[in-house]
Amino acid sequence: MLKGVKTRRATLSNTTRGEMAQKGVQLEEKVISCSICLDILKDPVTIPCGHSYCMNCIKSHWDIEDEKKTYSCPQCRQSFTPRPVLVKNTMLADLVEELKKTGLQAAPADLCYAGPEDVACDVCTGRKRKAHNSCLVCLASYCEKHLQPHHDVPPLKKHKLVEPDKNLQENICSRHDEVMKIFCRTDQQIICILCSMDKHKGHDTVSAAAERTERQRELEGSRHNIQQRIQDREEDVKLLQQEVEAINGSADKAVEHSEKIFTQLIRLMKKRRSDVKQQVRSQQETEVSRVKELQEKLEQEITELKRKDAELKKLSHTEDHNQFLHNYPSLSPLSESTHSSSIKIRPLKYFEDVTAAVSEVRDKLQDVLRETWTNISLTVTQVDVLLSNTQPEPETRADFLRYSREITLDPNTAHTELLLSEGNREVTRMSEEQSYSSHPDRFTNKCQVLSRESLTGRCYWEVELRGRVYVSVASKKISRAESVSQFGFNDKSWSLTCDNYSYNVYHNSVKTPVSGPRSSRVGVYLDHRAGILSFYSVSETMTLLHRVQTTFTQPLYAGLYVYSDSTAKFSKVK
């Protein structure tokens, strides 16, 4: 029996090979392809319904169905219970092997059959192959086999072949079932020849090809513009990258050099601290040594005086008059002290003057650092590569309050007739002078005062008014003693005058009347970088009174000029 099977296999092999060689029979790939993996069968098995699969493919498929205890054919959906036992189909396996030997191996199905995302051949029956081209004349898609006439038949050679297109049917008029080859410029749509004589009669129409040619020119122009913009943007990107590298390099150098400078300053401060300490200790040692030396001499003198006093005491107690008179001349005379009259005790200050001198250095250094730090901070914030990147000005009071600053007044700048209170947030004009110490920053000619805080970046603050007040902004370099030092009457300050009757803005002695609702509260908005200074009347709403557009080159300070019986106070806004 085994011999008979081998004989039949050999006969099948010879017959199959002979038929393929002599008649050129070509088997359809689907005969030897697995419908699960779409590849040539590997270890083919045939299930009870007659369909064949790769053994591993059908096993994996049924493994998924194990929970249902019902097993189905992926093609015909016939169900089996229990799970069929799979046995290799040796005849089908031999056929596949013979195909491999003869070189007639079927192409992988996934390379020739159309999937859900592919354009299918319109001519294929049964399982359709992938389209190789679509024909714009036939309005159909063809696989490589069915496309052959378009390469061989002269009339078909003139047809326009394109890449496979799923949307060919969109070229058919839904009303007349005709190919749409005309473009209606009036209605900007593609139509068929019948539409041009019907609904679109009298419209401006051209062939779709002519319209395409014109649109193609426009498209090429658009592409040229886009490519030019791409090139420009790429150059901009390169430029920005260079700017990034330049910014990073400059910042690194600035930090490095600043570190060195501050290190030198710290080293200098440490040296000066060491010098002061050494000088104080040296002077301390010298003075203590002098005092102790004098102290020792005085103690010696005290010892000698005590000894002399003991001798005199003993002699004074001698009862024998003759003996007393005999010994008295032998006593040495008492010498006067050479030290008592030279000792001058100073008030107990000693080295307090040193502390005062060091404190003075500290105060001066703090003032210098405060002013120079403001300049440094302003210089840093003025680094702006993208000058066009300006933020819009706030619109609502809530927007303004995001930039609110708590302002306090600097007593060193206040005129002597101004009284500061409320933690230096309020100023009142007094009839008598206040006891302020002398200071170079103090205004001596006008009753005004500057804030302690310097203002850079974006800032907003509000002032509560009672009486007549100038709400101002000024540079710290404004004059302190001259008549032109008044806010608004020089080129270093801007001032809004507020009284019961009107508003006016002053700058460099130029008066600008402004109108707006009267309010006991004025808001001031400063965008230092953008050069914007705005004054607002604040009540339930904010009303813009005046806006200044300029360029600020120095840090600015809030200022108040106060008339008699008037008060102004910086609000704590939230």
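Only a predicted model underlies this, so the values are computations on that prediction, with no experimental measurement involved. Sequence order as written defines residue numbering, which begins from 1 separately in each chain. Since the coordinates come from a predicted model, pLDDT governs what is reported: local features require at least 70, and pairs of side-chain atoms require 80 or more to be given and counted, while whole-chain, interface and lining totals use all residues. Just so you know, side-chain values use all the structure's heavy atoms and leave hydrogens and water out.

Participant: Looking at this structure, I do not really get the overall build of the chain. What am I missing?
Facilitator: In this text, helices come from DSSP runs of H or I with a minimum length of four residues, and strands from runs of E with a minimum of two, each type numbered from the N-terminal end. In terms of regular secondary structure, the chain is built from twelve helices and 23 strands. Only protein chains enter the calculation, and the probe is 1.4 Å; a residue is then buried if its accessible area is under 20% of its type maximum, exposed if over 50%, and partly exposed in between. Taking all 574 residues of the chain together, the buried fraction comes to 30%. Any two residues whose heavy atoms approach within 4.5 Å are treated as being in contact. In the chain, the share of contacts with a sequence separation of at least 24, taken over all contacts with a separation of at least 6, comes to 55%. Accessible areas in this description were obtained via Shrake-Rupley with a 1.4 Å probe; residue shielding takes into account the shown protein chains only. Carbon and sulfur atoms make up 52% of the accessible area of the chain, which totals about 38000 Å².

Participant: In this structure, what is going on with the packing of aromatic side chains? I would like to understand it.
Facilitator: For any two aromatic rings, the description comes down to two numbers: the centre-to-centre distance and the angle of the planes. The aromatic pairing rule takes the rings of Phe, Tyr and Trp, using the six-membered ring of Trp, and pairs them if the centres are within 6.5 Å, calling planes under 30 degrees apart stacked, those over 60 edge-to-face and the rest tilted. Following the criterion strictly, the structure yields 13 aromatic pairs and no others. An angle of 65 degrees between the planes, with centres 6.0 Å apart, marks the rings of Trp62 and Tyr71 as edge-to-face. No difference in accessibility class separates Trp62 from Tyr71, as the two residues are buried. Summarising the aromatic geometry, the rings of Trp494 and Phe552 are spaced 5.3 Å apart at their centres and angled 90 degrees between planes, so their arrangement reads as edge-to-face. Of this pair, Trp494 sits in strand S16 (residues 493–498) while Phe552 sits in the loop between strand S21 (542–549) and strand S22 (556–562), and the two are 58 residues apart along the sequence. The exposure class assigned to Phe552 is buried, which follows from its relative accessible area of 6%. Charge-over-ring placement is defined geometrically: NZ (Lys) or CZ (Arg) within 6 Å of the ring centre, and within 35 degrees of the ring normal. Above the ring of Tyr563, the side-chain terminus of Arg468 is found at 4.2 Å from the ring centroid. Arg480 extends its terminal NZ or CZ atom over the ring of Phe443, reaching a point 4.9 Å from the ring centre.

Participant: Help me understand helix H9 (residues 208–316) in this model?
Facilitator: Given 3.6 residues to a turn, an α-helix orients residues that are three or four positions apart in the same direction. The span you would expect from a helix comes to 1.5 Å times its residue count less one. In this model H9 runs 153 Å from its N-terminal to its C-terminal C-alpha over 109 residues, within 8% of the 162 Å that 1.5 Å per residue would give. Considered for burial, the residues of H9 that qualify are Glu211, Lys308 and Leu315. Buried residues belonging to H9 abut strand S8 (180–184), strand S10 (205–207) and helix H10 (321–327).

Participant: How should I be thinking about the pattern of salt bridges in this particular structure?
Facilitator: Opposite charge on two side chains lets them pair, provided their charged atoms get close. Salt bridges are identified by distance alone: a Lys or Arg side-chain nitrogen within 4 Å of an Asp or Glu carboxyl oxygen. Taken as a whole and judged by the stated rule, the model has 25 salt bridges. Asp63 is the salt-bridge partner of Arg83, the closest N and O atoms lying 3.0 Å from each other. One end of the pair, Arg83, is in the loop between strand S4 (79–80) and helix H3 (90–102); the other, Asp63, is in helix H2 (residues 55–64), with 20 residues separating them in the sequence. When salt bridges with common partners are traced through the structure, they connect Arg185, Glu211, Glu214 and Arg215 into a single cluster.

Participant: Would you mind going over the UniProt feature "coiled-coil region" (unreviewed entry) in the chain with me for this structure?
Facilitator: As recorded in UniProt, the sites labelled "coiled-coil region" (unreviewed entry) are residues 223–250 and 281–318. Taken end to end, residues 223–250 comprises 100% helix and 0% strand; its first and last C-alpha atoms sit 39 Å apart. Secondary structure within residues 281–318 divides into 95% helix and 0% strand; the distance between the first and last C-alpha atoms comes to 55 Å. UniProt positions are given in the numbering used here, feature names are shortened, and annotations may be inferred rather than shown by experiment.

Participant: What should I look at first to understand the sheet that holds strand S9 (residues 189–192) in this one?
Facilitator: The pairing of strands in a sheet happens through backbone hydrogen bonds and is either parallel or antiparallel. The strand order across the open sheet built from three strands is S9-S8-S10, with neighbouring strands paired in antiparallel fashion. Each end of this open sheet is capped by a strand with a single partner; those strands are S9 and S10. Neighbour-to-neighbour, the strand axes of this sheet turn through a mean angle of 45 degrees, independent of strand direction. The criterion for strand pairing is that DSSP finds at least two bridges linking the strands in question. Lines fitted to C-alpha atoms define the axes here, with helix axes fitted over just the stretch in contact, and angles between the N-to-C directions of these axes take values from 0 to 180 degrees.

Participant: Please explain the sheet that holds strand S12 (residues 426–429) as it appears in this structure.
Facilitator: The strand order across the open sheet formed by seven strands is S11-S12-S23-S14-S19-S20-S21, and the pairing between neighbours is antiparallel. Only two strands of the sheet have a single neighbouring strand rather than two, namely strand S11 (418–421) and S21. The average undirected angle you get between the axes of adjacent strands in this sheet is 20 degrees. Two elements, S11 and S12, share four bridges in a ladder whose sense is antiparallel. Note that in S12 the partner of Leu418 across the bridge is Arg429.

Participant: When you look at the side chain of Glu211 in this model, what are you seeing that I'm missing?
Facilitator: Assignment of secondary structure puts Glu211 in helix H9. For Glu211, the contacting residues outside a window of four places in its chain are Phe183, Arg185 and Val206.

Participant: Looking at this structure, how should I read empty space enclosed by the protein?
Facilitator: Where empty space is left in the structure can be found by rolling a water-sized probe over the atoms. Points on a 1 Å grid, built from protein atoms alone, make a cavity when a 1.4 Å probe fits but cannot get out and make a pocket when they are open with protein on both sides within 12 Å along at least 5 of 7 lines; residues with an atom within 4 Å of a point are the lining residues. Grid points are joined across faces, edges and corners, and a volume is the space filled by probe spheres set on the points. In total, this model carries one cavity of 30 Å³ or more according to the counting rule given. In this structure, the largest cavity encloses a volume near 30 Å³. Lining the largest cavity are Asp410, Thr413, Leu450, Ser451, Lys476, Arg480 and Tyr557. Gly counts as polar in this scheme, as do all residues outside two lists: the nonpolar Ala, Val, Leu, Ile, Met, Phe, Trp, Tyr, Cys and Pro, and the charged Asp, Glu, Lys and Arg. Taken together, the residues that form the lining of the largest cavity break down as two nonpolar, two polar and three charged.

Participant: Is there a simple way to explain the nonpolar core in this structure?
Facilitator: The nonpolar side chains of a soluble globular protein tend to be buried with one another. Counting residues in each nonpolar core, the largest one holds 36 residues, and the members touching the most others are Val427, Trp461, Val471, Leu496, Leu533 and Leu560. For Leu496, the residues in contact, after removing those within four places along its chain, are Val469, Tyr470, Val471, Tyr503, Asn504, Val505, Val514, Val522, Phe535 and Leu545. Only buried residues count toward a nonpolar core. Its members are Ala, Val, Leu, Ile, Met, Phe, Trp, Tyr and Cys residues joined through side-chain atoms within 4.5 Å. Of all hydrophobic cores here, the second largest spans 15 residues; its members include Ile47, Cys73, Phe80 and Leu86.

Participant: I'm lost on the layout of surface pockets in this one. Help?
Facilitator: If you add up the space inside the second largest pocket, you get close to 580 Å³. In this structure, the second largest pocket is lined by 16 residues; those nearest its centre are Leu136, Met180, Lys181, Ala208 and Ala209. For the lining of the second largest pocket, the class distribution of residues is nine nonpolar, two polar and five charged.

Participant: So what exactly am I meant to see when it comes to unusual backbone geometry here?
Facilitator: Trans peptide bonds make up the majority, and among non-glycine residues the majority have a negative phi. Cis geometry is found at the peptide bond from Thr81 to Pro82, where omega equals 0 degrees. Among the structural elements, Pro82 can be located in the loop between S4 and H3. Of note, the phi angle at Asp177 is positive, near 55 degrees, even though the residue is not glycine. One can find Asp177 in the loop between strand S7 (161–162) and S8. You can call Asp177 exposed: its relative accessible area is 61%.

Participant: Is there a simple way to explain the environment of Tyr350 in this structure?
Facilitator: For Tyr350, the position within the fold is in the loop between H10 and helix H11 (352–381). The class for Tyr350 is exposed, based on a relative accessible area of 53%. Placed 66 residues apart in sequence, Tyr350 and Gln284 show a C-alpha to C-alpha distance of 9.4 Å.

Participant: Explain the side chain of Ser519 to me, please; I cannot follow it from the model alone.
Facilitator: Take Ser519: it is sitting in the loop between strand S18 (510–514) and strand S19 (521–527). In protein, a polar contact means a hydrogen-donor-capable atom and an acceptor-capable atom, both N or O and within 3.5 Å, with residues adjacent in sequence counting only if both atoms are side-chain atoms; elsewhere, any N or O pair within 3.5 Å suffices. Among the polar contacts made by the side chain of Ser519, one reaches the main-chain amide nitrogen of Arg521 at a distance of 3.2 Å. With near-sequence residues (within four places) excluded, Ser519 lies in contact with Tyr503, Ser537, Val538 and Ser539.

Participant: Help me understand the pairing of strand S13 (residues 448–455), please; the structure alone is not making it clear to me.
Facilitator: Burial of S13 is extensive: seven of the eight residues sit out of reach of the surface. In this structure, S13 lies alongside S22, joined through five bridges in antiparallel fashion. Across the sheet, the residue bridging to Gln448 is Tyr561, located in S22.

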